[in-house]
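Reading the structure
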Amino acid sequence: MAQRIRPLSYAIVATLAAVAIWFTPTLEKRQVFAMEPVVVSKPGLEPADFLLSPLVVEASNTELVDTLAIGGVIRSSLYNALNESGVGVLPPSARHQLAWSLADIFEYKVDMSRDLHDGDKFHLLVERLQKPNGAIIVNKIIGARLALSNSRSPLEAIHFDTPGSSTGQFYDASGMSLRAAFLRAPLTFRRISSVFGARKHPIFGEWRNHTGTDYAAAEGTPVRAIGDGVVIFAGKKGGYGNMIDIRHRNGMISRYGHMRGFASGMRPGARVAMGSTIGYVGLTGWATGPHLHFEIRVNGVARDPKLALQSRSGEPIPADERSLFQKMRNQTLASLNDARANIAE
Ligand SMILES: [Zn+2]
């Protein structure tokens, strides 16, 4: 008897629960504060997450949003710099995420694992969101500026939502999309194990004929195609081990070596899209430790990826949205300038 009643009572409880959830008011209410950014002046001592000054005292089912300006100088790594700059205003998890997000924004312009140097500066304008349960996250990056010490003008990124599209894109100050035909690195920044400075070839040391770039990463790390193209070679080749060559529309070839294995379908003639996984980091061929050997070849000759992949600007903002964009841009750049003036470096 009891055994028959039990499933029935479970069903009743489940139904009641579903009804209760259905009638619970949603937590979508939002309270948005003015665009005046809170400027983080000096990174202080690390407070515990719960000591972050609450944005508002009484709020139970409301999401709170405000704008933060964060900036700093890169000393040991981008990760450390962002981690220090966000102390007191963002919890550690959000600060970690911010380093990866910044790398993602500029991934068509900068190979964050190679192009950063001691003394490079960054400024970010971020939307901080406090959830009803008190958790604080970075809702979005509104604008970013990255001043590389070896380049004359800083890189700038302005977030802009084109009406009708769900995800916003980043544009430079002139309104050109930061997305370009090629990614600057075949591994995502968060997957690269050593992130600073030039490295020697793991086997040959100063190998004069070494024409590629080596990225140290864990075995099995996904390798991505740096641009749309067609596979022209996928197999074993001498010291390269498991190697893939991709021909791109401009005739340039990208080459990936030492891979543990290939993604399925990688054979001559296969089409690949920018960012898609083509294989996995390994140590086949002349490699003592797991790393990706990456080369750019033009007319059969290896070229410096930094020069070969220098991206031309992407698509411009549609004409009918230019005036809206310019307003956003002026506001964002002004806030970034304020941040630069106020943030101790
Ligand atoms: Zn190599």
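Read on for an overview of the structure. Note that the coordinates shown come from a computational prediction; the quantities given were computed from them, not determined experimentally.

Time to look at the packing of helix H2 (residues 78–85) against helix H3 (residues 92–105). Describing two packed helices takes the angle between their axes plus the distance from one axis to the other. Their axes nearest at 8 Å, the elements H2 and H3 cross at an angle of 135 degrees. Considered as vectors, H2 and H3 are oriented oblique to each other. The two elements H2 and H3 meet at a crossing, and its hand is right-handed. In this structure, H2 contributes Leu 78, Tyr 79, Leu 82 and Asn 83 to the contact, and H3 contributes Arg 95, His 96, Leu 98, Ala 99, Trp 100 and Leu 102. Residues that form the contact of H2 with H3 fall into these classes: seven nonpolar, two polar and one charged.

The next subject is the packing of aromatic side chains. For the structure shown, the criterion picks out seven aromatic pairs. Both rings, one in Phe 160 and one in Tyr 171, keep their centres 6.3 Å apart while their planes meet at 75 degrees; by these two values the pair is edge-to-face. Remark: Tyr 171 occurs in strand E7 (residues 169–171) and Phe 160 occurs in strand E6 (residues 155–160); sequence separation between them is eleven residues. According to the relative accessible area criterion, Phe 160 is buried, its value standing at 2%. Overall, the relative accessible area of 4% leaves Tyr 171 in the buried class. Three or more aromatic residues joined by ring pairs form one cluster here, namely Tyr 79, Trp 100 and Phe 189. In this structure, Arg 114 is placed above the aromatic ring of Tyr 215, and the distance from its NZ or CZ to the ring centre is 4.9 Å. Seen from the ring of Tyr 240, Arg 255 lies directly overhead, with NZ or CZ sitting 4.9 Å from the centre.

Moving on, we come to the pairing of strand E10 (residues 229–236). Inspection of the sheet shows E10 paired to strand E14 (residues 271–272) by two bridges, in the antiparallel sense. The residue bridging Val 230 from the neighbouring strand is Arg 271, located in E14. Examined bridge by bridge, E10 and strand E11 (residues 242–247) share six bridges and lie antiparallel to one another. Counterpart to Phe 233 in the pairing with E11 is Asp 245. Taking the residues that link successive antiparallel strands as the turn, the E10-E11 hairpin has five residues, and the phi of Gly 238 there is positive, at about 45 degrees.

Attention now moves to the nonpolar core. Within the largest apolar cluster, 30 residues are counted, with the highest numbers of intra-cluster contacts made by Leu 102, Phe 106, Met 112, Phe 122 and Leu 124. Of all the secondary-structure elements, those providing two or more residues to this core are strand E3 (63–73), H2, H3, strand E4 (121–130) and strand E5 (136–147). The leading source of residues in this core is H3, at six residues. Leaving out residues up to four positions away in the same chain, Leu 102 has contacts with Leu 78, Leu 82, Met 112, Phe 122, Leu 124, Ile 141 and Ala 144.

Our focus in this paragraph is the sheet that holds strand E9 (residues 222–224). Note: strands within a sheet are paired through backbone hydrogen bonds, in either parallel or antiparallel orientation. The sheet built from three strands is open, its strands ordered E9-E15-E13 with antiparallel pairing. In this open sheet, the two edge strands, each paired with only one partner strand, are E9 and strand E13 (261–262). Sheet analysis places E9 next to strand E15 (residues 277–280), joined by three bridges and oriented antiparallel. Bridging from a neighbouring strand, Arg 224 pairs with Thr 277 of E15.

So, about unusual backbone geometry. Its identity is not glycine, yet His 258 carries a phi of approximately 65 degrees, on the positive side. Examined against the element boundaries, His 258 turns out to sit in strand E12 (residues 253–259). Judged by relative accessible area, which is 3%, His 258 ranks as buried. The phi dihedral of Asn 299 is positive, around 50 degrees, even though this residue is not glycine. Locating Asn 299 in the fold gives a position in the loop between strand E16 (291–298) and strand E17 (301–303).

This paragraph deals with H3. For H3, spanning 14 residues, the distance from its first C-alpha to its last is 20 Å, which sits close to the expected 20 Å at 1.5 Å a residue. Within H3, the full set of buried residues consists of Ala 94, Arg 95, Leu 98, Ala 99, Leu 102, Ala 103 and Ile 105.

Procedures and definitions
- Residues numbered from 1 in each chain as written.
- Predicted model: local features only at pLDDT ≥ 70, side-chain atom pairs only at ≥ 80, totals over all residues.
- Heavy atoms only, no water.
- Axes fitted to C-alpha atoms, helices over the stretch in contact; angles between N-to-C directions.
- Helix = DSSP H or I, 4+ residues; strand = E, 2+ residues; numbered from the N terminus.
- Parallel < 35°, antiparallel > 145°, perpendicular 65-115°, else oblique.
- Left-handed = near helix turned anticlockwise from the far one by under 90°.
- Contact = heavy atoms within 4.5 Å.
- Nonpolar A, V, L, I, M, F, W, Y, C, P; charged D, E, K, R; others polar.
- Phe/Tyr/Trp six-rings, centres within 6.5 Å; stacked < 30°, edge-to-face > 60°.
- Buried < 20%, exposed > 50% of the residue type's maximum accessible area, 1.4 Å probe, protein only.
- Lys NZ or Arg CZ within 6 Å of the ring centre and 35° of its normal.
- Pairing = 2+ DSSP bridges.
- Core = buried A, V, L, I, M, F, W, Y, C linked by side-chain atoms within 4.5 Å.
- Expected span 1.5 Å × (residues − 1).

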